[in-house]
Amino acid sequence: MAVRIRLTRLGDKKSPFYRVVVADSRRSRDGKVIEKLGTYDPLKDPAEVKIETERAKYWLSNGAEPTETAKTVLVKAGVIKASKAKTAPKSDKKKKETK
């Protein structure tokens, strides 16, 4: 079973509120979850992040893969360290000039 740490969306239209959860990767975004780890409120300034760090570390140590968005939330909460991932350099596409 592939386990992911990801966000489920709550809140009304135009006012998102997210719950950080552990779920099977084959389930839908708002489907059945294994465990709720915390919340993320992007509308507050600065964004409010509440995570149960011990449980998040437990799931990470047992092989749960965070999604890209969940990873940024976990970095903000201080659960994992920010890694400077090496990305491929952007290619310089030559523009075709027409005369």
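Refer to the structure above for everything that follows.
Residues numbered from 1 in each chain as written. Predicted model: local features only at pLDDT ≥ 70, side-chain atom pairs only at ≥ 80, totals over all residues. Heavy atoms only, no water.

Here we look at the pairing of strand S3 (residues 35-41)
In plain terms, the rule: Burial classification: accessible surface area is computed with a 1.4 Å probe over protein chains only, and a residue below 20% of its type maximum counts as buried, one above 50% as exposed, and the rest as partly exposed. Secondary structure is summarised from DSSP: a helix means a run of H or I of at least four residues, a strand means a run of E of at least two, and numbering begins at the N terminus for each. If DSSP finds at least two bridges between two strands, the strands pair.
Along S3, 5 of the 7 residues are buried, which leaves the element largely enclosed by surrounding structure. Note: strand S2 (residues 17-24) against S3, 5 bridges, orientation antiparallel. Each bridged residue has a counterpart across the sheet, and for Arg19 the counterpart in S3 is Thr39. Taken together, the 4 bridges between S3 and strand S4 (residues 48-51) define a ladder with antiparallel strand orientation. Across the sheet, the residue bridging to Gly38 is Ile51, located in S4.

What to know about the packing of aromatic side chains
Each aromatic ring pair is described using two quantities: the centre-to-centre distance and the angle formed by the ring planes. Definition in use: When two rings of Phe, Tyr or Trp (its six-membered ring) have centres within 6.5 Å they constitute a pair, described as stacked for plane angles under 30 degrees, edge-to-face for angles over 60, and tilted for the intermediate range.
According to the stated counting rule, one finds 2 aromatic pairs in the structure shown. An angle of 75 degrees between the planes, with centres 5.5 Å apart, marks the rings of Tyr58 and Trp59 as edge-to-face. According to the relative accessible area criterion, Tyr58 is partly exposed, its value standing at 38%.

Considerations on the environment of Leu10
Counted only if it meets this: Contacts were defined at the residue level, with two residues in contact if any of their heavy atoms lie within 4.5 Å.
Turning to its location among the elements, Leu10 is positioned in strand S1 (residues 3-10). Look at Leu10 and you get partly exposed, because its relative accessible area is 29%. With 29 residues separating them along the chain, Leu10 and Thr39 place their C-alpha atoms 10.0 Å apart. Those residues in contact with Leu10 that lie beyond four places of it in its chain are Ser15, Pro16, Phe17 and Arg19.

Regarding the side chain of Arg6
Worth spelling out the cut-off: When charges are counted, Lys and Arg are positive and Asp and Glu negative, with His and the chain ends excluded. What makes a salt bridge here is a side-chain nitrogen of Lys or Arg within 4 Å of a carboxyl oxygen of Asp or Glu, nothing more. Pairs of N or O atoms are called polar contacts if they sit within 3.5 Å, as long as, within protein, a hydrogen donor faces a hydrogen acceptor (for residues adjacent in sequence, only side-chain-to-side-chain pairs).
Residue placement: Arg6 occurs in strand S1. Nearest to the buried, unbridged Arg6 among oppositely charged side chains is Asp24, at 7.2 Å. At a separation of 3.0 Å, a polar atom in the side chain of Arg6 contacts the main-chain carbonyl oxygen of Arg27. Apart from the residues within four sequence positions on either side, Arg6 is in contact with Arg19, Val20, Val21, Ala23, Asp24, Ser25, Arg27, Ser28, Arg29, Thr67 and Ala70.

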